[in-house]
Amino acid sequence: MGFLDRLSNGWKLSMSSFNVLKKNKQLLLFPLFSGIALILLTVSFLAILFVPSGWDFERTFEEGSIGNYILIFLFYLINYFVIVFFNMALIHCARIYFEGGKPTVRDGINFSMSRIGAILAWSAVAATVGLIFRLIEEYLGRIGQIITAILGIAWSVTTFFVVPVLAYENLAPIDAYRRSVAIIKEKWGESLGATFSFGIVQFLAVILVAIPLFFLGSLIHFFVGIFLAAIGVMLVITTISAAQAIFISAVYFNINDKPVAEFNSETLDGIFIQKEKKGLL
């Protein structure tokens, strides 16, 4: 199957994800909670950093300071923890729905709480990687930025299935990463295609939602336009994030020989590279 065919099938899978989300609108709450928590986290860290120094940037950040790197690591750690916690909750709710149940927000939160140790362990690994990328940027300048950009893309791709693996396979963080890499090798075509499709949908949705809201709000006041546009962008990102998590859950189910009725079986069977499968759910 050619690359364009895989992109086409990826688009179909992404649309199936939106259909599942349409039937389970409560799943939108998970990325919404995550977004709100990250905003509060960022504001809190900024206050902790800048208020004592009177918002003096140079006094706050001393180049090469160990204390700064510790703060950056803590910020990354909590950031990743929040993201993974709510993504895992959403993915588990998708699993409940795929199995014929009616998921609730409580179901997702309770499941993530039951896996909180695994979430924290992976967040520590991801925060360490993030800090290493930051150090490469600082010490290698422009070349470091190019290197981290390339490594960042590779990291995003290879960790695509880490969350469901952590949720259901009881693996240590490094082993979970290796398992995600193995899945990517097996499912590269459709996962890349669907991710690309989600990106297109998000881009178009931002244009169709945020820009009209900005001009509409600007009729009242310029800052009202900015506020409405920001709300529109947040809603778009929330929706895309939820649909993408549903897609990840669906692909992971297929890998483990679990039928996903909402997704066209012929499309799934036609695009998946047939390799030895492991029933791990």
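Residues numbered from 1 in each chain as written. Predicted model: local features only at pLDDT ≥ 70, side-chain atom pairs only at ≥ 80, totals over all residues. Heavy atoms only, no water.

Describing the overall build of the chain
What the chain contains, in helices and strands, is 10 helices and zero strands. Listing every helix and strand of the chain by position from the N terminus yields α-α-α-α-α-α-α-α-α-α. In the chain, which comprises 281 residues, the share counted as buried stands at 43%. A sequence separation of at least 24 residues applies to 72% of the contacts in the chain between residues at least 6 apart. With the model as given, the accessible surface of the chain reaches about 14,900 Å², and the carbon-plus-sulfur share is 69%. (Helix = DSSP H or I, 4+ residues; strand = E, 2+ residues; numbered from the N terminus. Buried < 20%, exposed > 50% of the residue type's maximum accessible area, 1.4 Å probe, protein only. Contact = heavy atoms within 4.5 Å. Areas by Shrake-Rupley, 256 points an atom, 1.4 Å probe, with all protein chains shown as cover.)

Let's talk about the packing of aromatic side chains
Under the counting rule described, the total for this entry stands at 15 aromatic pairs. Seen from their ring centres, tryptophan 122 and tryptophan 155 are 5.7 Å apart, and the 5° between their planes marks the pair as stacked. Judged by its relative accessible area of 18%, tryptophan 155 falls in the buried class. Between the aromatic rings of tyrosine 168 and tyrosine 252, the centroid separation amounts to 6.2 Å while the plane-to-plane angle is 25°, which identifies the pairing as stacked. Of this pair, tyrosine 168 sits in helix H7 (residues 162–168) while tyrosine 252 sits in helix H9 (residues 222–255), placing them 84 residues apart in sequence. Here tyrosine 168 and tyrosine 252 have matching classes, each one buried. Through a chain of ring-to-ring contacts, the aromatic side chains of Phe33, Phe81, Phe85 and Phe86 assemble into a single cluster. (Phe/Tyr/Trp six-rings, centres within 6.5 Å; stacked < 30°, edge-to-face > 60°.)

Notes on the confidence of the model for the chain
Per-residue pLDDT for the chain averages 80, and the proportion of residues at 70 or more is 78%. The lowest-confidence element of the chain is helix H3 (residues 57–60), averaging 51 in pLDDT; the highest-confidence one is helix H5 (residues 105–114), averaging 95. When the criterion is pLDDT under 50, residues 271–280 qualifies, and its contacts beyond four places in sequence or with other chains add up to 26 contacts. (pLDDT = per-residue confidence, 0-100.)

A word on the packing of helix H4 (residues 66–98) against H5
Look at H4 against H5: their axes get within 8 Å of each other, and the N-to-C directions meet at 120°. As the angle between them shows, H4 and H5 are arranged oblique. For the pair H4 and H5, the sense of crossing is right-handed. Contact residues: Phe85, Phe86, Met88, Ala89, His92, Cys93 and Ile96 in H4; Asp107, Gly108, Ile109, Phe111, Ser112 and Met113 in H5. When the residues that make up the contact of H4 with H5 are grouped by side-chain class, the tally is nine nonpolar, three polar and one charged. (Axes fitted to C-alpha atoms, helices over the stretch in contact; angles between N-to-C directions. Parallel < 35°, antiparallel > 145°, perpendicular 65-115°, else oblique. Left-handed = near helix turned anticlockwise from the far one by under 90°. Nonpolar A, V, L, I, M, F, W, Y, C, P; charged D, E, K, R; others polar.)

Considering unusual backbone geometry
We note that asparagine 170 has phi near 50°; this positive angle belongs to a residue other than glycine. Summarising the element assignment, asparagine 170 is placed in the loop between H7 and helix H8 (173–218).

Some points on the environment of serine 123
Relative to the helices and strands, serine 123 is located in helix H6 (residues 116–158). Each C-alpha atom, one on serine 123 and one on tyrosine 80, is 5.2 Å from the other, the two residues being 43 residues apart in sequence. Other than its neighbours up to four places away in sequence, serine 123 contacts Leu77, Tyr80 and Phe81. Here the side chain of serine 123 touches phenylalanine 81 through a polar contact of 3.2 Å, landing on its backbone nitrogen. (Polar contact = N/O pair within 3.5 Å; in protein donor to acceptor, adjacent residues only side chain to side chain.)

A few points about the nonpolar core
If you look at the biggest cluster of nonpolar residues, it comprises 57 residues, and the most contacted ones within it are Phe98, Ile246 and Phe263. Of all the elements in the fold, those that place two or more residues in this core are helix H1 (3–23), helix H2 (29–50), H4, H6, H7, H8 and H9. (Core = buried A, V, L, I, M, F, W, Y, C linked by side-chain atoms within 4.5 Å.)

With respect to H5
Within the span of H5, buried status applies to Gly108, Phe111 and Ser112. The arc enclosing the buried residues of H5, seen along the axis, measures out at 100°, which places them on a common side. Seen from the open side of H5, the exposed residues pointing more than 90 degrees away from its buried face are Arg106 and Ser114. (Arc of directions from axis to C-beta.)

Considering a nonpolar patch on the surface
Taken together, the side chains of Ile200, Phe203, Leu204, Ile207, Leu208, Val209, Ile211 and Phe215 define a hydrophobic patch exposed on the protein surface, amounting to about 740 Å² of accessible area. Inspection of the secondary structure assignment puts isoleucine 211 in helix H8. Of the residues examined, isoleucine 211 reaches a relative accessible area of 40% and is grouped as partly exposed. (Patch = residues over 30% accessible without salt bridge, like charges linked within 9 Å, V, L, I, M, F, W, Y side chains within 5 Å. Salt bridge = Lys/Arg side-chain N within 4 Å of Asp/Glu carboxyl O.)

Regarding the pattern of salt bridges
On inspection of all chains with the given rule, the structure shows four salt bridges. The salt bridge involving glutamate 99 is made with arginine 95; its shortest N-O contact spans 3.3 Å. A salt bridge links arginine 134 to glutamate 138; the shortest N-O distance between them is 3.2 Å. Taken together, the residues span about one helical turn, with arginine 134 and glutamate 138 both in helix H6 at a distance of four residues.

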